[in-house]
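# Overview (structure and organization)
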Amino acid sequence: MSDLFDPITVGNYTLKNRVFMAPLTRSRADENGVPKKIVAEYYGQRASAGLIIAEATAISQQTMGWLNAPGIFTDEQQASWANIADAVHAEDGRIFVQIWHMGGAVHPDFVNGDQPVSSSSVKLTGAMSTPKGPDKDLVEPRPLSKPEIKAIVQDFVGAARRAVDAGLDGVEIHAANGFLLDQFIRDGVNQRDDEYGGTIENRMRFMVEVIEAVVAEIGSGKVGIRLSPTNKFWGISDTTPSETFGKVVEKLNEYNLAYVHLLEPLPGTNHFIETIGFLTPEIRAKYTGTLLVNGGYDKETGNAAIENGEADAVVYGANFIANPDLVARYKLDAELAAADQSRFYTEGAEGYSDYPALAVEYA
Ligand SMILES: Cc1cc2nc3c(=O)[nH]c(=O)nc-3n(C[C@H](O)[C@H](O)[C@H](O)COP(=O)(O)O)c2cc1C
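Residues numbered from 1 in each chain as written. Predicted model: local features only at pLDDT ≥ 70, side-chain atom pairs only at ≥ 80, totals over all residues. Heavy atoms only, no water.

## Observations concerning the site of the ligand
The immediate surroundings of the ligand are formed by 19 residues, with Thr25, Gln98, Arg226, Asn294 and Gly296 found nearest. Between the ligand and asparagine 177, the relevant distance is 3.5 Å, taken from an oxygen atom to a side-chain nitrogen or oxygen of the residue. One of the side-chain N or O atoms of asparagine 294 is found 2.5 Å from an oxygen atom in the ligand. In the complex, 92% of the free accessible area of the ligand, which totals 610 Å², lies under the protein chains. Class assignment of the residues belonging to the shell around the ligand gives a composition of 9 nonpolar, 9 polar and 1 charged. (Near = heavy atom within 4 Å. Polar contact = N/O pair within 3.5 Å; in protein donor to acceptor, adjacent residues only side chain to side chain. Areas by Shrake-Rupley, 256 points an atom, 1.4 Å probe, with all protein chains shown as cover. Nonpolar A, V, L, I, M, F, W, Y, C, P; charged D, E, K, R; others polar.)

## As for the nonpolar core
Core analysis: the largest hydrophobic core is formed by 86 residues, its most contacted members being Phe206 and Leu252. Non-local contacts of phenylalanine 206, meaning those with residues more than four positions away in its chain, are made with Leu144, Ile149, Ile152, Val153, Leu180, Leu181, Phe184 and Tyr196. (Core = buried A, V, L, I, M, F, W, Y, C linked by side-chain atoms within 4.5 Å. Buried < 20%, exposed > 50% of the residue type's maximum accessible area, 1.4 Å probe, protein only. Contact = heavy atoms within 4.5 Å.)

## Examining unusual backbone geometry
Backbone phi values are negative for most residues with the exception of glycine, while trans is the configuration of most peptide bonds. Located in the positive-phi region is serine 27, a residue other than glycine, with phi close to 60 degrees. As for its placement among the helices and strands, serine 27 is situated in the loop between strand S3 (19–21) and helix H1 (37–45). The class for serine 27 is buried, based on a relative accessible area of 4%. Here the phi dihedral of asparagine 112 falls at roughly 55 degrees; this positive angle occurs in a residue that is not glycine. Note on placement: asparagine 112 falls in the loop between strand S5 (95–100) and strand S6 (117–118). (Helix = DSSP H or I, 4+ residues; strand = E, 2+ residues; numbered from the N terminus.)

If you want it as structure tokens, here you go:
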């Protein structure tokens, strides 16, 4: 029987365990989206994870919409990602990076007053801290034209190419959490009447085009994707999530991807992510490849998910923030440190790279 500590083959890689690190925005890049030096140290400290999925990272200037989040579309950004890859590989780890377009969640303050882009003109609910002030309401986006969609597909390809050239092990396409690709998939936002709207097949077309183009560029064994079928980030919704995401993963079966990563909080966990249900078992039944699960898991529930076949590996977010040696702590049943939320998006080492590993020797 497999558990969290068994190796697993994911895409091109044999990984040493099934305790993976979730993508976590930590806002430690400079104003040009270049990850600061400390970011390499932070990821290096966490290299005992079977796989690190590095934080959401902008694929173009148009989507630089989160204070101090990184990008991967300039030479300078790529060079910093190369240092990060080196730091993780020096500790025998593996690292993918999550590539990201925020769509309608980009506040105009970030982009010289430009209107954000989305599937349609449906405004997302929520506010964003911008260079001009905290908690500014999002604005109505404009629908992307078809040539613009094709250009963004190429931005994903460019980011994936740079990731691999930087020595990162692969990319995770961010199709979750109400960001651009999700703004096409879910019908609460997508009101288009062209081939990118209406039926589920049409709504997932943009995502499929991104997958196909990125796979053609770097190979399917270096490409994962994240979905969040049931959460309500930015007020996003779908009238038939089970059918929609069932169809999405059936389509994804065609691509031999490294993995599909589901963000769906485990029922009963006290979680900050509001959801409308738990589709993981249904999706597991429909997806034939490697499935990662995330959201409120601990060692016990993670092992149970692997044992009952619901997941191939388990992804941990908050626990990796405060426990760089989470794998060892799980192995030893050691106490876990709690993450300091007030430091999630601040500058510097405090609450970032200063969480200590256990002061014991372990094998
Ligand atoms: C500080 C913070 C930053 C996050 N940033 C991202 C991100 O960049 N991309 C993403 O897909 N999810 C992001 N998430 C969600 C996490 O990846 C994960 O889904 C969430 O923490 C639930 O997992 P957990 O219960 O193990 O913490 C973030 C969560 C937190 C707490």
